[in-house]
Amino acid sequence: MANYETVIYEKAEDKIFRLTLNRPEKLNALSQKLLKELDSVMDEYESNADASVLIIRGAGRAFSAGYDLQGTQHPESKFTVTNDRLGLHKTIERWQRLWAINKPTIAQVHGYCLAGGTEFVGHCDIVFASEDAQFGHPAGRSLGILPTMSMWPVLMGPRKTKEYFFTGDYMSAKEALEWHLVNRVFPKDKLEEETMNYARRVAMVPAELLMLHKAAVNRYLDIIGIRAAEQSAADIDVIAHQTDTVKNWMKASREKGLKGALTERDRPFAKKA
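Below: a short report on this structure.

How each quantity is defined
Starting from 1, residues in each chain are numbered consecutively following that chain's sequence as written. Residues qualify for local features only when their pLDDT is at least 70, as the model is predicted, and side-chain atom pairs are given and counted only at 80 or more; totals for whole chains, interfaces and linings, by contrast, use all residues. As a convention, hydrogens and water are excluded, and side-chain values are obtained from all of the structure's heavy atoms. In this text, helices come from DSSP runs of H or I with a minimum length of four residues, and strands from runs of E with a minimum of two, each type numbered from the N-terminal end. Our radius of gyration looks at C-alpha atoms and nothing else; its globule reference is 2.2 Å times the residue count to the power 0.38. For every residue, the accessible area (1.4 Å probe, protein chains only) is compared with the maximum for its type, and the residue is labelled buried under 20%, exposed over 50%, or partly exposed between those bounds. Contact definition: two residues touch when any of their heavy atoms are within 4.5 Å. Calculation of accessible area relied on Shrake-Rupley with a 1.4 Å probe; when residues are assessed, cover is drawn exclusively from the protein chains displayed. When charges are tallied, Lys and Arg are placed among the positive residues and Asp and Glu among the negative ones, while His and the ends of the chain are skipped. The atom standing in for a charge is NZ when the residue is Lys, CZ when it is Arg, CG when it is Asp and CD when it is Glu. With strands facing away from the observer, any crossover in which the path from the first strand over the helix to the second runs clockwise is taken as right-handed. A strand pair is defined by DSSP finding two or more bridges across the two strands. For Phe, Tyr and Trp, rings pair up if their centres lie within 6.5 Å, where Trp contributes its six-membered ring, and each pair is then called stacked (planes under 30 degrees apart), edge-to-face (over 60) or tilted (otherwise). Grouping buried Ala, Val, Leu, Ile, Met, Phe, Trp, Tyr and Cys residues that are joined through side-chain atoms within 4.5 Å yields what is termed a nonpolar core. For salt bridges, the criterion is a side-chain nitrogen of Lys or Arg within 4 Å of an Asp or Glu carboxyl oxygen. Polar contacts here mean pairs of N or O atoms no more than 3.5 Å apart (in protein, one a potential hydrogen donor and the other a potential acceptor; neighbouring residues in sequence count only if both atoms are side-chain atoms). Put simply, a patch holds well-exposed residues, over 30% relative accessible area, that have no salt bridge, with like charges counted together within 9 Å and Val, Leu, Ile, Met, Phe, Trp or Tyr side chains within 5 Å.

Regarding its fold elements, the protein chain presents 11 helices and 9 strands. Relative to the compact-globule value of 19 Å for 273 residues, the protein chain shows a C-alpha radius of gyration of 18 Å, a close match. Each of the three principal axes of the protein chain carries a C-alpha extent, and together these read 55 × 45 × 40 Å. Residues counted as buried form 48% of the 273 residues belonging to the protein chain. Contacts spanning at least 24 positions in sequence make up 75% of the contacts within the protein chain whose residues lie at least 6 apart. Here the protein chain displays about 13,900 Å² of accessible surface, and carbon together with sulfur accounts for 54% of that area. Treating the 37 positive side-chain charges of the protein chain as one cloud and the 36 negative ones as another, the clouds have centres 3 Å apart.

Structure (structure tokens):
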């Protein structure tokens, strides 16, 4: 297996492999380098005849706080509708590839799972979460929509999706379970053990049948148009990036710094005691 800088890819047990997002100091923010390394891991996993199931987790305090916004601070002259759309459609292609990869994937989520992190787990087959997990898209308050909508309209339905997209509020693991965003919730100290226990049961089924079970379910979503829906959402996100709201926030983040702009954005939404 290749050596990586931002992820750890390893064999956990017979037929079970593990991918750990390894930028704990950045809450595993999804940098361009991490995403490229994810592409390579998918190549390795898919082509490995000895691999039947992949567990995906985050190092440190969180699964992932979302996309690394430091990589989005482009000069206005380089930010065009054309290159924005091309970039977003490449993002869509990556998440759709994860969703369609030929063997099972299990997301093991603790702590924050926000914005791009919710896109990541939304395209895994199974999601197990710890009781401290929190899901949400706070970037929707200032930066646009999620290009794939994280599969939320499919998983939770349109009303619950709108409820959380409209505010950017965080959803608890308990509510995520109630609305089918995750499969199961465990105490934090049991999450890894329970995830591995389930992976072992999956690995007992021959890989060729696992592939066909996954293909059959995914084909249903193909038929109802999930790929086209995500591509359309990406185009709407391009439109969002041309609004005054997003342009003003990007300007503020350059002038005040990312941390200052985020603090100012989220202050009005803080829950009152």
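Two faces make up the sheet, and in a regular strand the side chains alternate between them. The element strand 3 (residues 53–58) is extensively covered by neighbouring structure, given that 6 of its 6 residues are classed as buried. Residues Val53, Ile55 and Arg57 of strand 3 are buried on one face, and the alternating residues Leu54, Ile56 and Gly58, pointing to the opposite face, are buried as well. Assessed by its sense of winding, the connection that carries the chain from strand 2 (residues 16–21) through helix 1 (residues 32–47) to strand 3 is right-handed. The pairing of strand 3 with strand 4 (residues 105–109) spans 4 bridges and is classified as parallel. Bridging from a neighbouring strand, Ile56 pairs with Ala107 of strand 4.

Let us look at the packing of aromatic side chains. A full pass over the atoms with the stated rule returns 7 aromatic pairs. Ring plane angle 80° and centroid distance 5.7 Å describe the contact between Phe63 and Phe120, whose orientation is recorded as edge-to-face. Of this pair, Phe63 sits in the loop between strand 3 and helix 2 (81–100) while Phe120 sits in helix 3 (residues 116–122); the two residues are 57 residues apart in sequence, bridging distant segments of the chain. On the basis of relative accessibility, which here comes to 0%, the residue Phe120 falls in the buried class. Among the aromatic residues, those joined into a ring-pair cluster are Phe63, Trp95 and Phe120.

Turning our eyes to something else, we now look at the sheet that holds strand 5 (residues 112–114). Within a sheet, each strand pairs with its neighbour through backbone hydrogen bonds, oriented either parallel or antiparallel. Reading across from one edge, 5-7-8 is the order of the 3 strands in this open sheet, with mixed pairing throughout. The outermost strands of the open sheet, each flanked by one partner alone, are strand 5 and strand 8 (171–172). Here 2 bridges tie strand 7 (residues 134–136) to strand 8, and the two strands are oriented antiparallel to one another. Directly across from Phe135, in strand 8, lies its bridge partner Met171.

Turning to the nonpolar core, a few remarks are in order. Membership of the largest hydrophobic core comes to 38 residues, with the highest contact counts inside it found for Ile56, Phe63, Val109, Phe120 and Phe135. The greatest single-element share of this core, amounting to 6 residues, is contributed by helix 1. Every residue in contact with Phe120, bar those within four places of it in the chain, is listed here: Leu21, Leu30, Leu38, Ile56, Phe63, Trp95 and Leu98. Among the nonpolar cores identified, the runner-up in size contains 13 residues, and Phe186, Leu191, Ala199 and Ala203 belong to it.

All told, the structure shown has 22 salt bridges when counted by the stated rule. When the shortest N-O distance is used, the salt bridge between Glu10 and Arg57 registers 4.0 Å. A residue pair is termed long-range when its members are at least 10 positions apart, and Glu10 in strand 1 (residues 7–13) and Arg57 in strand 3 qualify at 47 residues. Residues Lys174 and Glu178 are paired through a salt bridge, measuring 2.7 Å at the closest nitrogen-oxygen approach. With Lys174 and Glu178 both in helix 6 (residues 173–178), this residue pair falls 4 residues apart, about one helical turn. Residue classification places Lys174 among the exposed residues on the basis of a relative accessible area of 59%. Accessibility expressed as a relative area gives 45% for Glu178, which makes it partly exposed. Three or more residues are tied together by salt bridges with common partners; here these are Glu10, Arg18, Arg57 and Glu192.

Exposure remark for Arg57: the relative accessible area of 17% places this residue in the buried category. A polar contact is formed between the side chain of Arg57 and the side chain of Thr20, at a distance of 2.9 Å. There is a polar contact of 3.1 Å between the side chain of Arg57 and the side chain of Glu192. When residues no more than four places from it in sequence are discounted, the contact partners of Arg57 are Glu10, Arg18, Leu19, Thr20, Leu21, Phe63, Gln108 and Glu192.

What follows is about a nonpolar patch on the surface. A surface patch of nonpolar side chains, amounting to about 370 Å² of accessible area, comprises Tyr220, Ile223 and Ile224. Note on Ile223: relative accessible area 70%, which makes it exposed.

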